Structures are given as structure tokens and as C-alpha cells.
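Remarks on the overall topology
Single-letter residue listing:
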Amino acid sequence: MSRLILVTGGAGYVGSHTTIELLAAGYEVVVVDSCVNCVAGEEGKLPPSLVRVQELAKKSLVGFYRVSLTDALALAGVFEKHRVDAVVHFAALKAVGESVEKPLEYYQSNVSGTLTLLQVMREAGVHRLVYSSSATVYGAPQYLPADEQHPTGAGLTNPYGKTKYFCEQVMQDLAASDKEWRLVSLRYFNPVGAHPSGRIGEDPLGPPNNLMPFVAQVAVGKREELSVFGNDYDTPDGTGVRDYVHVVDLAEGHVMALDKAFSKSFRGYASYNLGTGRGVSVLEMIEAFCRASGKPVPYRVVGRRAGDVASVVASCSLAEEQLGWRARRDLQEMCEDAWRWQKLHPNGFRSCQ
Ligand SMILES: NC(=O)c1ccc[n+]([C@@H]2O[C@H](COP(=O)([O-])OP(=O)(O)OC[C@H]3O[C@@H](n4cnc5c(N)ncnc54)[C@H](O)[C@@H]3O)[C@@H](O)[C@H]2O)c1
């Protein structure tokens, strides 16, 4: 019998792409999502992102529950109804700027939500989890490329980053307290791109927080121009350098992390970087996007943003050695796939209902 995976936040950007890969890998999937940051379906219907996930995977979900992780009773009900083998945990609020204005909401959703999930899992006897962490736990990197040995938690400047760091700490303590737990934390660098079909992609409900969806919205004419925050960094062209990773590569990384969580030899807690190991500057990204879309992306250089650092690039050799994972898609593919989604859906999933 196939294993059943509960995916929290499965209607969102990374969650929807990962759900396709999980279904393709032969897993059954139940999704829990409050729809706080995705387009919800009409009464009793799936969110449009998940309708398309089912179409693309040619397979149905076992269930969908519009439930917040902070609702322990409702969450426990899902575990009572389904015999879950493992959890892939995406659900979180993720806007760095907003987290500075609304710290309580971020700690509540991301930290309390994770604590509630882990408690409900323990009561249900489910001990395997793959967690969406972030390169943000490294703060301003002390050396590059940042590997998993790099110190975490120091100098974190916003509540969002702290929630990711705190949840990692909780999982480490939990794994040390009880040998049953198998917890894998994946530290994403900058997920971009979309499914190659152009049928699902990133659909921020508010203004985008990340560079690529912003660039895409300028290219499609939804926004006039892009602000480039600083061109006087110590980088080859003066603009910030980041490690961008295609969302489908990332999704595949979750399937491999689950293999690890199910392997007989693994117990405890482990964290892995998921990136490409290659730094791309803001100007390089704009150029690649113009090439992929054939559209101009007007931009204006403005002052640096508080808290931004010059470069963040991952060392991904641990994921390659221990999970057998390596990013395979390059910058051009990231831009082409993001553009296909954007061009076909200038208003995201709102136009799909
Ligand atoms: N996208 C990135 O740049 C990035 C980078 C590093 C880490 N991450 C992490 O990856 C995960 C997924 O990110 P994403 O880009 O897919 O975000 P997303 O907002 O598209 O998806 C998150 C989903 O979780 C749901 N959700 C949020 N809080 C919830 C709660 N309390 N209960 C139930 N559902 C809830 C939202 O409705 C949304 O559908 C997050 O944990 C995020 O912090 C994302």
C-alpha cells in the first residue's frame, strides 16, 4: 500500500509543486491549508492550484482540509481520519517586511503552528517530518558558500527569520528527547520559476516579496518598473547576489528528503541546503528574464534596503552526498518557466475560478 503524506501549506507555491512530485513518486497526499496566502476554492471545492496539481499529476488527492495549523482540534481530526505516514510542512507566513510589522501573527502562525503540528503528530504516533526552512537562518553569512556547519541564529534581523531558526531548534530538541523522531529540515535559498506546463506557479496575494515575481510582473505590464536596491555592493556588478533554485528542483529535493526520513538508517534531525551553489546578481537576473520573455524590464536603482547583505550563496554538497539531490535547472530555465506561468496568468489563480 502506498504511503500517505500530509502536506501542510500544499496549496501554496512550493507546496503545490512538491505535491505533484509526491504524487508522481507514488505517494498518496492529504493537504491541509488555511488559504491565508493562496486563492481558496469556492465552498466545498479545492483551491485552483490543487485542481491543477491533480490534472498535472493525473491523480487525485486523498483529501483537502481548509484548516489552520494553530487549530489543534481540527488538525487532530485530520490525523484521526487518515493514517498518515509522514508530514511535509510548508505552512507558514513568509513576508519578511510584514513580519516586522506583525510579529505576533508570525510567531503564532509559524512557531505555534509548528508546535501544535508536532504535538498532534506525537499523539497520532507520526514521527517523520520534512520542514521548510530557509537560508535566512544563517543571517549575514560569515563565509561563502554557506554550508550547514555555518552558525545559525546570530544577527537575525526580522521575526520571519527567527521563526525558522526557532522551529529548527525545537526540532533538534525534540529529536534529542525521543529516538522515534526523524526530522529533516531543508534550508531553501531562493525558490523561483514554475512548473514547465505553465499551469501552476507563484501567485503572491499581495505585492511580491521576492525579485523574480516582481521582474515577471514588470515584464507582463502589471507594474511599471523594478526598484533595484543598491548597486554599490562588493559584487561584480554592484547589485546583490543570491542563489536562485528552480521550484521543481526544490520539489524533487523534498521527495529525496522523505526517502531519507523513511530510511532505516536515519534517526534524529538533519538539515540540508537546497540551492544551486551559483550566485546570480539582480542585473543578471533582469537580463536573463528579458531574454526569456522578449520583454523589456525597466528598472531604477534606489538606495540599499536595511538588513540586505551583498551575497548569499549555498554550498549544496551535503544534499548531494546524503540525499542524492542536485539542482539540475539553470537560470534560463527558471526565467522561461516563470514567464510562461506569468504570461498565461497575469492575475494568477484568480482568473482560474
Ligand atoms: N518562497 C520562498 O522564497 C521561500 C524561501 C525559503 C523558505 N520558504 C518557506 O517555504 C514554505 C512555503 O513557502 P511558499 O513560498 O510556498 O509560500 P506560500 O505562501 O505560497 O505557501 C504557504 C501556504 O501555507 C498556507 N498557510 C500559511 N499559514 C498557515 C497556517 N497557519 N495553517 C495552514 N496553512 C497555512 C498558506 O495559505 C499558503 O497556501 C514556507 O514555510 C516558507 O517560509 C519559502
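Now for a description of the structure that goes with this document. Just so you know, the residues in each chain are numbered from 1, in the order the chain's sequence is written. With the structure being a predicted model, the display of local features is reserved for residues of pLDDT at least 70 and the display and counting of side-chain atom pairs for 80 or more, all residues being used for whole-chain, interface and lining totals. Based on all heavy atoms of the structure, the side-chain values leave hydrogens and waters out of the count.

As a further point, take the pattern of salt bridges. A carboxyl oxygen of Asp or Glu within 4 Å of a side-chain nitrogen of Lys or Arg is what we treat as a salt bridge. The tally for this structure, following the rule as stated, stands at 17 salt bridges. Between R328 and E252 there is a salt bridge, with its nearest N and O atoms 3.0 Å apart. Here R328 is found in the loop between α10 (317–323) and α11 (331–344), whereas its partner E252 is found in helix α8 (residues 247–262), with 76 residues between them in sequence. The shortest N-O distance in the salt bridge between R278 and E284 comes to 2.9 Å. Throughout, exposure labels follow a simple rule: accessible area from a 1.4 Å probe, protein chains only, divided by the maximum for the residue type, with under 20% read as buried, over 50% as exposed, and the rest as partly exposed. Its relative accessible area of 44% is what places R278 among the partly exposed residues. Taken together, the shared-partner salt bridges connect D249, E252, R328 and R329 into one network. Elements are defined by DSSP. Helices are runs of H or I of four residues or more, strands are runs of E of two residues or more, and each kind is numbered from the N terminus.

On to the packing of helix α5 (residues 103–124) against helix α6 (residues 159–177). Every axis in this analysis is a line fitted to C-alpha atoms, fitted for helices over the stretch in contact. Angles between the N-to-C directions lie between 0 and 180 degrees. One can describe the packing of α5 onto α6 by two numbers: an axis separation of 9 Å at closest approach and a directional angle of 20°. Between α5 and α6, the crossing angle belongs to the class labelled roughly parallel. As α5 packs across α6, the resulting crossing turns out to be right-handed. Within the contact between the two elements, α5 uses P103, Y106, Y107, N110, V111, T114, L115 and L118 and α6 uses P159, Y160, K162, T163, F166, C167, V170, M171 and L174. Grouping the constituent residues of the contact of α5 with α6 by class yields 13 nonpolar, 3 polar and 1 charged. Any angle from 65 to 115 degrees is called roughly perpendicular, while one under 35 is roughly parallel, one over 145 is roughly antiparallel, and all others are oblique. Crossing handedness is defined as follows: a turn of the near helix away from the far one that is anticlockwise and smaller than a right angle gives a left-handed crossing, while the clockwise case is right-handed. Residue contacts are defined here by distance: any two heavy atoms, one from each residue, within 4.5 Å place the two residues in contact. Asp, Glu, Lys and Arg are counted as charged, while Ala, Val, Leu, Ile, Met, Phe, Trp, Tyr, Cys and Pro are counted as nonpolar; the rest, among them Gly, fall into the polar class.

Nonpolar core, defined: a set of buried Ala, Val, Leu, Ile, Met, Phe, Trp, Tyr and Cys residues in which side-chain atoms within 4.5 Å join the residues together. I5, V7, L22, V88, V184, L186 and L258 are the most contacted members of the largest nonpolar core, which totals 47 residues. Among the elements that make up this core, the one with the highest residue count is α8 (8 residues). Among all residues touching V88, those that are not within four sequence positions of it are I5, L6, V7, T8, L22, V130, H254 and L258. One finds V32, L69, V84 and Y269 within the second-largest nonpolar core, a separate group that totals 27 residues.

Strand pairing in a sheet relies on backbone hydrogen bonds, with the paired strands running either antiparallel or parallel. In short, DSSP must find at least two bridges between two strands for them to pair. The strand order across the open sheet built from 7 strands is β3-β2-β1-β4-β5-β6-β11, with neighbouring strands paired in parallel fashion. Each of the sheet's edge strands pairs with one partner strand only, and the pair in question is β3 (63–65) and β11 (268–274). On average, adjacent strands in this sheet sit at an angle of 20° to one another, irrespective of strand direction. Relative to strand β4 (residues 86–89), strand β1 (residues 4–8) runs parallel, the two being bridged by 4 bridges. Across the sheet, the residue bridging to L6 is V87, located in β4.

So, about the packing of aromatic side chains. Only centres within 6.5 Å qualify two rings of Phe, Tyr or Trp (six-membered ring in Trp) as a pair; their planes then separate them into stacked at under 30 degrees, edge-to-face at over 60, and tilted for everything else. As enumerated under the stated definition, the model contains 6 aromatic pairs in all. Judged by centre distance (6.4 Å) and plane angle (35°), the rings of Y138 and F189 are tilted. Of this pair, Y138 sits in the loop between β5 (128–134) and α6 while F189 is found in the loop between β6 (182–188) and β7 (190–192), placing the two residues 51 residues apart along the sequence. The pair Y138 / F189 is uniform in exposure class, with both members buried. Here the aromatic cluster, defined as three or more aromatic residues joined through ring pairs, consists of Y107, Y165 and F166. Over the aromatic face of F214 sits the side chain of R223, whose NZ or CZ is 4.9 Å from the ring centroid. Both a distance and an angle decide whether a charge sits over a ring: NZ of Lys or CZ of Arg must be within 6 Å of the ring centre and within 35 degrees of the ring normal.

Most of β5 is tucked away, with 6 of its 7 residues classed as buried. In the sheet, β4 pairs with β5 via 3 bridges, with the strands oriented parallel. Within β5, the position partnered with H89 by the bridge is Y131. In terms of strand pairing, β5 meets β6 through 7 bridges, oriented parallel. Each residue of the ladder has a partner; that of S134, found in β6, is Y188. Handedness of a crossover is defined as follows: orient the strands so they point away from the viewer, and if the path from the first strand over the helix to the second runs clockwise, the crossover is right-handed. For the crossover from β5 across α6 to β6, the handedness is right-handed.

The values are spatial; any link to function lies outside them.
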